[in-house]
Amino acid sequence: MKTGPSPGRWLTLALMILALSACAVPEPPPPWRPAETTAPSQGDSLTVITGEADVEARRQALVQGENAVDADAAGYFMDVFQARVRRDLSDTGIMIDYLDQSVLITFPNQIGFESGSAQLTLEARALIDRLAAVLKEYRATLIVVSGHTDNVGDPRFNLKLSERRAHSVARHLVGSGINHARLLIQGFGSERPVADNTSEQGRARNRRVELMLQLLVRDRPSQPTESENA
Amino acid sequence: MGNPRNALLVVSLAGAIGFALPAVLLLWVIWQQTLMAEEQRLIQLSEDLAAQTEHAIVDARTLLEDLNVQAFEPCTPDHLLALQNEALSRIHVRAIGYWQAANRLCGAGLVQGQRLTPARASRIYDSGVIAWWPSAATTAGDVALFLMRFGNHDVAMDPRLLITPGQLDGKQVAVWVEGLQMAAYPEASVFPTPNELPEGLSVDQANNRIVSRVSGGSLFPIEVVAVQSFDDFWDRYRVLVMGGGGIGLVLIALWLGLVWRYLSRQLSLQSSLRAAIDTGRIHAVYQPIVELRSGRCVGAEVLGRWTEKNGTAISPEIFVPLAEKAGLGTRLTLSILDSLLRHMASWPESDGEIVYHLNLTEQDLAQPRFSRRLAEMLDHYEVAAERIALEITERALLDSDLIRQRVAQLRERGHSIAIDDFGTGYSSLSYLQKFELDTLKIDKTFVDSLQTEAVTSSVIQPIIDLARALDLEIIAEGIESSEQAQWLTGRGVERGQGYWYSPALDESGFKAWYLDKAR
């Protein structure tokens, strides 16, 4: 069982950064260019991953930590988390799927990004701030941010774009106070469509950033954390 | 009704049914009333419980909302004091907690050392309110608590305290909120779920109990299921049901007793009449009919007289209608006729000028039997039909060609036909033209009027004129004074009868009277 970032993952990150810097941006210039660059910087400690093994490794590292939830409180955590999300995020237009021990949050791109850009819109920033406020309290989650595109255009470009968009979201979460250790980033390009790419509607649905929140359940027996007051 | 004993049996049976039906109806009505009264009580109780429950839940939600917006630094003494005050001011609130995610950081209240984190919430509302209905997972210190959390605060309620046992009056009650059982008293009891019960009160015969389901709650659905054993229910209403039912039954019994007594007397009278007819105890008596001008006896109205063995006489006004009602009319007439014919046979020297007027009942003309028997009997006693006049009431002549034919036949045989009690029956006089008749008997009431009013009575004159016009002879009935006799004689009325001449006489009396007159 690994207890920290594996050398393999660092290698991956290094490779990806290398690839990014090597790749010219082929898209037409956006209407306005923000002052800050949307390219991932190397200083934010965010981890770009390539597969499930990376997720599992990070999960294993975190479940032993103080933020993980005891097994007997896992169901409770999921329920109260869901209640909190319903209260604070149900009016935002993001899609939320409650799974057994995870929650899938989907940002449609029309909320988050200008076309072809990894630059977050103001609306998306506000939204992510609200999400971060919830995630700050509900710390027993690992957050895998993944970007997705439709199948139009150059697949390599799409892959890069999706990863950059995921990165933007993750970085904003860090900026809003989420510990970077809880965050993983992955770009899928058009690899994982959720809808039919032959229609405009379907393509719009495929352009998205997903946040898979995975519950971190501690596997050692729980200990009382509080003594009764009053 | 051939046999009186059978008739009594039928009447008794009818009486039994007559008793049972209203009795069952009465008991059923009392039962329904009782159930309705109980249902009203249960509805009241249930609505009270539903309102209490709803109030407690709404109050809890409001409390959580307030706590969330109050700007306490979490778990500071001020915060804890506020939590404690809120908890203590609500009887059913056992604890209030402050949470972050799945960690209870601090709280106030009476749930000792418990950090209840049930695995599955009963409800997660879009508002962000989340609730756990009482279950094993919410049990602390032997109490299954109702938990509600909103934001960072939660409240633990003891649902037992939503029901005040004093209200229940011995019933077992369960309160269901949004289709889930919230509270029950006594807690250990197992209640039927509301959706397997009809709304309102129902009798659960299998378990010998009365069950009710009442829906209440204005903000969210609350159902109250109440169960009480049949014995408890019966204890409460026994006096009412038995008192009311008893009085009702006594009244029904009294009423039926009266009816039964009346019927059995009628029936026994009927059977006595039948016996009297069979044994010849009904015999003929005679009221002389005289020719008014000369005072000569020209005939007699034959009347039945029923004298019981003990000597009591029963009035014809009772037994004639009774005989007709019992279908004995023709037998009665024939029995009187028999008595008359035997009398005539025993008095052969009486000359042929005496015409005997026999009263017919309605049944005599309705069936062919009378006419046939009349002919046979006259034949047997060798009596000419001319000597027997037949008196028919207006009522018997009302309709039907058949009766008209029979009357015509009798007349053809030689019987003279008289209309009895003329003027008292029906107003339509059309029968006077349709039927072939000989004599019209003016009823006693018209003759009576001669005494009370002016002698030139305008009532009786038209009858006389009518008879004249139809070429009918007239017999005036009920003449009681010489003035009446004189007046009628003066108007040319041929014959008459009444106390002025003679009351009805028995066989020997009539014979004597006749011989005396003839002398």
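Going along each chain's sequence as written, the residues are numbered from 1 onward. Labels follow written order: the first chain is A, the first ligand is 1, and so on. It should be noted that, the model being predicted, local features are given only for residues of pLDDT at least 70 and side-chain atom pairs only at 80 or more, the latter also being counted only at that level, while totals for whole chains, interfaces and linings use all residues. Water and hydrogen atoms play no part in the side-chain values, which are based on all heavy atoms of the structure.

Bringing the overall build of chain B into the picture now. Broken down by element type, chain B carries 14 helices and 22 strands. Classification of residues uses two cut-offs on accessible area relative to the type maximum, computed with a 1.4 Å probe and protein chains only: under 20% is buried, over 50% is exposed, and between them is partly exposed. Considering chain B as a whole, with its 519 residues, one finds that 46% of them fall into the buried category. With residues, only the protein chains shown are counted as cover, and all accessible areas are computed by Shrake-Rupley using a 1.4 Å probe. Put simply, chain B shows about 25300 Å² of open surface, and 55% of that area lies on carbon and sulfur atoms. Segments assigned H or I by DSSP are reported as helices when at least four residues long, segments assigned E as strands when at least two residues long, and all are numbered from the N terminus.

The subject of this paragraph is the pairing of strand β20 (residues 439-442) of chain B. Residues and elements named next belong to chain B. Here β20 shows two buried faces, one formed by Thr439 and Lys441 and the other by Leu440 and Ile442. Both strand β19 (residues 417-422) and β20 contribute to a ladder of three bridges, which runs parallel. Counterpart to Phe422 in the pairing with β20 is Ile442. Where β20 lies against strand β21 (residues 473-476), four bridges are found, and the strand directions are parallel. Paired strands are those between which DSSP finds at least two bridges.

All names here are of chain B. Cavity: a set of points on a 1 Å grid over the protein atoms alone where a 1.4 Å probe fits but cannot get out. Pocket: an open set with protein on both sides within 12 Å along at least five of seven lines, its lining residues, like those of a cavity, having an atom within 4 Å of a point. Grid points are joined across faces, edges and corners, and a volume is the space filled by probe spheres set on the points. Looking at the largest pocket, its volume works out to about 1200 Å³. Breaking the lining of the largest pocket down by element, the ones donating at least two residues are β15 (297-307), α5 (316-325), α6 (329-345), β17 (355-359), β18 (388-393) and β19. Tallying contributions element by element places α5 first for the lining of the largest pocket, with six residues. Gly is placed with the polar residues, together with every amino acid not listed as nonpolar (Ala, Val, Leu, Ile, Met, Phe, Trp, Tyr, Cys and Pro) or charged (Asp, Glu, Lys and Arg). In terms of residue class, the lining of the largest pocket is built from 15 nonpolar, 12 polar and 14 charged.

Residues and elements named next belong to chain A. The predictor attaches a confidence to each residue, and that confidence, scored 0 to 100, is pLDDT. Of all residues in chain A, 76% attain a pLDDT of 70 or more, and the chain-wide mean is 79. Note that pLDDT drops below 50 for residues 1-5; the model gives that stretch nine contacts with residues more than four away or on any other chain. The contact definition used throughout considers only heavy atoms, calling two residues in contact when any of these lie within 4.5 Å. Low pLDDT, under 50, characterises residues 224-230; the stretch is placed with 21 contacts to residues that sit more than four places away or in other chains.

All names here are of chain B. Disulfide: a pair of cysteine sulfur atoms within 2.5 Å of each other. Considering all chains together, one arrives at one disulfide over all chains under this definition. The partner cysteine of Cys75 in its disulfide is Cys106, sulfur to sulfur 2.0 Å. Between Cys75 and Cys106, the S-S dihedral sits near -90 degrees, and the bridge is therefore left-handed. A residue pair is termed long-range when its members are at least 10 positions apart, and Cys75 in the loop between α1 (4-69) and α2 (77-88) and Cys106 in strand β2 (residues 103-109) qualify at 31 residues. Residue Cys75 is classed as partly exposed on the basis of its relative accessible area of 26%.

Attention shifts here to the interface of chain B and chain A. By convention, interface size is frequently given as the accessible area that disappears when the constituent parts associate. The interface is formed by 35 residues belonging to chain B together with 20 residues belonging to chain A. By convention, the term buried area covers the 1.4 Å-probe accessible surface removed from two parts as they join, with the contributions of both added. Contact with chain A buries area across many residues of chain B, yet Ala101, Arg115 and Ile124 of chain B alone supply 22% of it, more than any other trio. Whenever Lys or Arg places a side-chain nitrogen within 4 Å of a carboxyl oxygen from Asp or Glu, that contact is recorded as a salt bridge. Where chain B touches chain A, the interface holds two salt bridges. The residue Glu137 of chain A makes a salt bridge to Arg149 of chain B at a minimum N-O spacing of 3.7 Å. Pairs of N or O atoms within 3.5 Å make up the polar contacts considered here, provided that, within protein, one atom can donate a hydrogen while the other can accept it, and that residues adjacent in sequence are counted only when both atoms are side-chain atoms. At the boundary of chain B and chain A, one finds seven residue pairs in polar contact (both at pLDDT 80 or more). Elements supplying a minimum of two residues to the side of chain B that touches chain A: α2, β1 (93-100), β2, β4 (129-132) and β7 (146-150) of chain B. Taken together, the residues of the side of chain B that touches chain A sort by class into 17 nonpolar, 13 polar and five charged.

Residues and elements named next belong to chain B. Residue placement: Gln497 occurs in the loop between β22 (495-496) and α14 (507-518). Owing to a relative accessible area of 2%, Gln497 belongs among the buried residues under this scheme. At a separation of 3.0 Å, a polar atom in the side chain of Gln497 contacts the side chain of Gln287. There is a polar contact of 2.8 Å between the side chain of Gln497 and the side chain of Glu301. Setting aside its immediate chain neighbours within four residues, Gln497 contacts Gln287, Pro288, Ile289, Glu301, Lys441, Ile475, Ala476, Glu477, Gly478 and Ile479.

Right, let's get into the nonpolar core. Soluble globular proteins tend to bury their nonpolar side chains together. Nonpolar core, defined: a set of buried Ala, Val, Leu, Ile, Met, Phe, Trp, Tyr and Cys residues in which side-chain atoms within 4.5 Å join the residues together. Core analysis: the biggest nonpolar cluster contains 73 residues, and Tyr356 and Leu488 of chain B have the highest contact counts within it. If one sorts the elements of this core by residue count, α6 of chain B sits on top with seven residues. Those residues in contact with Tyr356 of chain B, other than ones at most four positions away along the chain, are Tyr286, Ala300, Val302, Leu340, His343, Met344, Trp347, Arg387, Ile388, Ala389 and Phe510 of chain B. Core analysis: the next-biggest nonpolar cluster, separate from the first, contains 58 residues, Val80 and Val134 of chain A together with Ala95 and Ile130 of chain B among them.

Turning next to the environment of Ile442 of chain B. Residues and elements named next belong to chain B. Within the secondary structure, Ile442 sits in strand β20. By relative accessible area, Ile442 is classed as buried at 0%. Between the alpha carbons of Ile442 and Gly496 there is a distance of 9.1 Å; along the sequence they are 54 residues apart. In this view, Ile442 contacts Val447, Ile460, Ile463, Ile464, Ile474, Ile475, Ala476 and Glu477; residues no more than four positions away in its chain are not counted.

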